[in-house]
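Coordinate inspection notes
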Amino acid sequence: MDIFDFLTMLGGLSLFLFGMNIMGQALERRAGSNLRSLLGKLTSNRIIGLLTGLGITAVIQSSSATTVMVVGFVNSGLMTLKQAINVIMGANIGTTVTAWLLSLTGIDSTNFFVQMLKPSSFTPILAVIGVIYYMFSKNTKKNDTGLILLGFATLMFGMETMSGAVSGLADVEAFRNLFIAFQNPILGMLAGAILTGIIQSSSASVGILQALAVTGQVSYGAAIPIIMGQNIGTCVTALLSSVGTNKNAKRAALVHLSFNVIGTIVWLSVFCIIKVLFNPVLLSQPASLVGIAVAHSAFNILCTMLMLPLSSFLEKLVIFLVPDSKDAEDDQLVELDERLLTTPPIALKRCREVATDMFTCSAKALKNSLKSLDKYSSKLAENIREKEERVDYYKDILSSYLVKLSTHQISEADSAEAAKLLKIISDFERISNLAVNLLESAEELKNKDLHLSKSAENEMNLLIQAIEEILNLTQTAFMKNDLDAAEMVEPLMQAIDTLKEELRTRHIQRLQREECSIEAGFVWTDVLTNLERISRHCSSIARNVIDISLEDINLHEYLRNMRNNNETFKENYLLYLNKYSPESVETQTA
């Protein structure tokens, strides 16, 4: 092997790692909705958690990425430590898929159909299809599909290049002696751990081992301890990601390390005993690519079979290693963990959950402020202002997080949803601000001992009922993605707008008849204006909910057609006009 073979090997390794990275990122984007679905299935059930971890890792082709994601989930309070343990175990099995794909490069046959299974035969076809999808399609899903195919083709081409470059090492005495040294299980395990710790991917290090195996100098006796060590080395990524997290997130990272260390110690001990007592002929045989894939899968499955019944022990172990802190700040949950940004679909799902908490907080502030207009109390006022401050906090963290998310490679649909969420959270904040405005009006009435006329009170209560209904409809529309509820918001907002104008006219008439004091009338006008503004923000939220669901349809055209040509819209508008008619109030007053 000369310097040019060495450079070829480096080029092949670079293409291999680059292809794996590109394919993994494209798979994440392409499988965004599936990742959200898998996340929704997380329970404390061991088998479900195990299968979830397996499925996510099989999709994104990286146990390290899955474990980093899990650390982020635990740090955000999305997942308990018990759930994390099961998912991490499943991730270790899911990561073996890559080795099986790479083992296809070892196919050797003269049969045409068998030869077509060899990557060097079919990856050029995949690369051509990938280029067509990536360069000539405007559909983001097809672009991602193209990148998946190109990434896979690059990965396989890099694997073939590496294998060809290192084939000359078969005759190099030093290389042969190196793998003879790795016959020592401890040295082999350490070599696997160090290599994987450097490149931070057990899938990639297994691929490198498979490439070296084509020389015929890598025996099963050397390969198996290296594979065991790779499982320890892959824990580096999760341990680094746990820096600066709360205690449970640190424990989740330690679960990954403890699981692999204990599994490696147990099965390496068994391996050494078998080697000393029986010295199977297989261990001295050259390892094949398929054989390495089998050993990788078998080891990870055996580790899981060993540790799954001991998940409670693992939980107690990491709690012992990371005890509860006296400092409460160490235990705080992070609403939006930046580790989740590596998986944009999951990060966006988390943004929506935090936005839901924000809307709930804003709605409670508004409902309390409506109560304060009738029955003011200092406790209620304090609660409203606390919730308004909380909403401001939510807006700050969500806005910055969504902007960061937009800088990552995400699908067109996710990008559009992120943009709409930015608009929606502004409406949530404005609703909480208007709740404080209503509180200030209630405080002015109390502090100045002002009183509204009976008819003014009745009309205000009528408008408050309409506001409560539009708020409830908007909450249902956003939190449940209910388009039927969203479409009911617009006609109710139009009815509230009409009602506001009529109530304003009636108020002027009362002032002219001196039935209401001018000072109290100013407060009443402020309340009227703020309530109408709240209905408009509810309408804005509902429109964005519709807009996210419609995707490619023009929202303004859709709303215009709904108002002008939709009989259901007109019926609902008239229904709300009658329901909140001031005449009904006059009848009740009389």
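Refer to the structure above for everything that follows.
Let me sum up the structure you'll find in this document.

Scoring rules and cut-offs
- Here the residue numbering is sequential within each chain, running from 1 through the sequence in written order.
- Per-residue local features of the predicted model are confined to residues with pLDDT of at least 70, and side-chain atom pairs are confined, for both listing and counting, to 80 or more; whole-chain, interface and lining totals are unaffected and use all residues.
- Only heavy atoms go into the side-chain values, all of them from the structure, while hydrogens and water stay out.
- Counting from the N terminus, the helices are the DSSP runs of H or I reaching at least four residues and the strands are the DSSP runs of E reaching at least two.
- Burial classes: relative accessible area under 20% of the type maximum marks a residue as buried, over 50% as exposed, and values in between as partly exposed (1.4 Å probe, protein chains only).
- We call two residues in contact when some of their heavy atoms are within 4.5 Å.
- Residues belong to a common nonpolar core when they are buried Ala, Val, Leu, Ile, Met, Phe, Trp, Tyr or Cys residues joined through side-chain atoms within 4.5 Å.
- Stacked, tilted and edge-to-face are the three classes assigned to paired rings of Phe, Tyr and Trp, where Trp is represented by its six-membered ring and a pair needs centres within 6.5 Å; plane angles under 30 degrees give stacked, over 60 edge-to-face, the rest tilted.
- The residues that make up patches have over 30% relative accessible area and no salt bridge, and they are joined within 9 Å when like-charged or within 5 Å when they are Val, Leu, Ile, Met, Phe, Trp or Tyr.
- Each accessible area is a Shrake-Rupley estimate made with a 1.4 Å probe; only the visible protein chains count as cover when residues are assessed.
- What makes a salt bridge here is a side-chain nitrogen of Lys or Arg within 4 Å of a carboxyl oxygen of Asp or Glu, nothing more.
- Geometry is summarised by axes, namely lines fitted to C-alpha atoms with helices restricted to the contacting stretch, and by angles between N-to-C directions that run from 0 to 180 degrees.
- The labels follow the angle: roughly parallel below 35 degrees, roughly antiparallel above 145, roughly perpendicular from 65 to 115, and oblique for the rest.
- Handedness of each helix crossing follows the sense of rotation of the near helix against the far helix: counterclockwise by less than a right angle gives left-handed, clockwise gives right-handed.
- We call Asp, Glu, Lys and Arg charged. Ala, Val, Leu, Ile, Met, Phe, Trp, Tyr, Cys and Pro are nonpolar, and the rest, Gly among them, are polar.

Scanning the protein from N- to C-terminus turns up 26 helices and zero strands. Within the protein, buried positions represent 51% of all 590 residues. In the protein, the proportion of contacts linking residues at least 24 apart, taken out of those at least 6 apart, comes to 82%.

In this structure, Leu366, Phe428, Phe478 and Leu531 are the most contacted members of the largest nonpolar core, which totals 129 residues. Tallying contributions element by element places helix 18 (residues 344-372) first for this core, with 13 residues. In this view, Phe478 contacts Arg352, Ala355, Thr356, Phe359, Leu421, Ile424, Phe428, Ile541 and Val545; residues no more than four positions away in its chain are not counted. Counting residues in each nonpolar core, the second largest holds 17 residues, with Met20, Leu155, Met162 and Ala211 among its members.

It is worth spelling out the packing of aromatic side chains at this point. All told, the structure shown has five aromatic pairs when counted by the stated rule. Aromatic side chains Phe359 and Phe428 sit 4.3 Å apart centroid to centroid with 15 degrees between the ring planes, which places their arrangement in the stacked category. Here Phe359 is found in helix 18, whereas its partner Phe428 is found in helix 20 (residues 412-447), with 69 residues between them in sequence. For Phe359, a relative accessible area of 0% corresponds to the buried category. Seen in terms of ring centroids, Phe359 and Phe478 are 6.1 Å apart; in terms of plane orientation they differ by 75 degrees. Their pairing is edge-to-face. Taken together, the positions of Phe359 in helix 18 and Phe478 in helix 21 (residues 454-479) put the pair 119 residues apart, joining distant regions of the chain.

Here we come to a nonpolar patch on the surface. Taken together, the side chains of Met116, Ile125, Val128, Ile129, Val131, Ile132, Tyr133, Tyr134, Met135 and Phe136 make up a nonpolar region of the molecular surface, amounting to roughly 930 Å² of accessible area. With respect to the secondary-structure elements, Tyr134 resides in helix 8 (residues 119-136).

Two elements in contact, helix 13 (residues 220-233) and helix 15 (residues 247-277), have axes whose closest approach is 8 Å; the angle formed by their N-to-C orientations is 165 degrees. One finds that helix 13 runs roughly antiparallel with respect to helix 15. Where helix 13 crosses over helix 15, the two elements pack in a sense that is left-handed. Residues Gly221, Ile224, Pro225, Met228, Asn231 and Ile232 of helix 13 form the contact with helix 15, whose participating residues are Asn260, Val261, Thr264, Trp267, Leu268 and Phe271. Looking at the contact of helix 13 with helix 15 residue by residue, the class counts come to eight nonpolar, four polar and no charged.

Worth remembering: the numbers are spatial, not functional.
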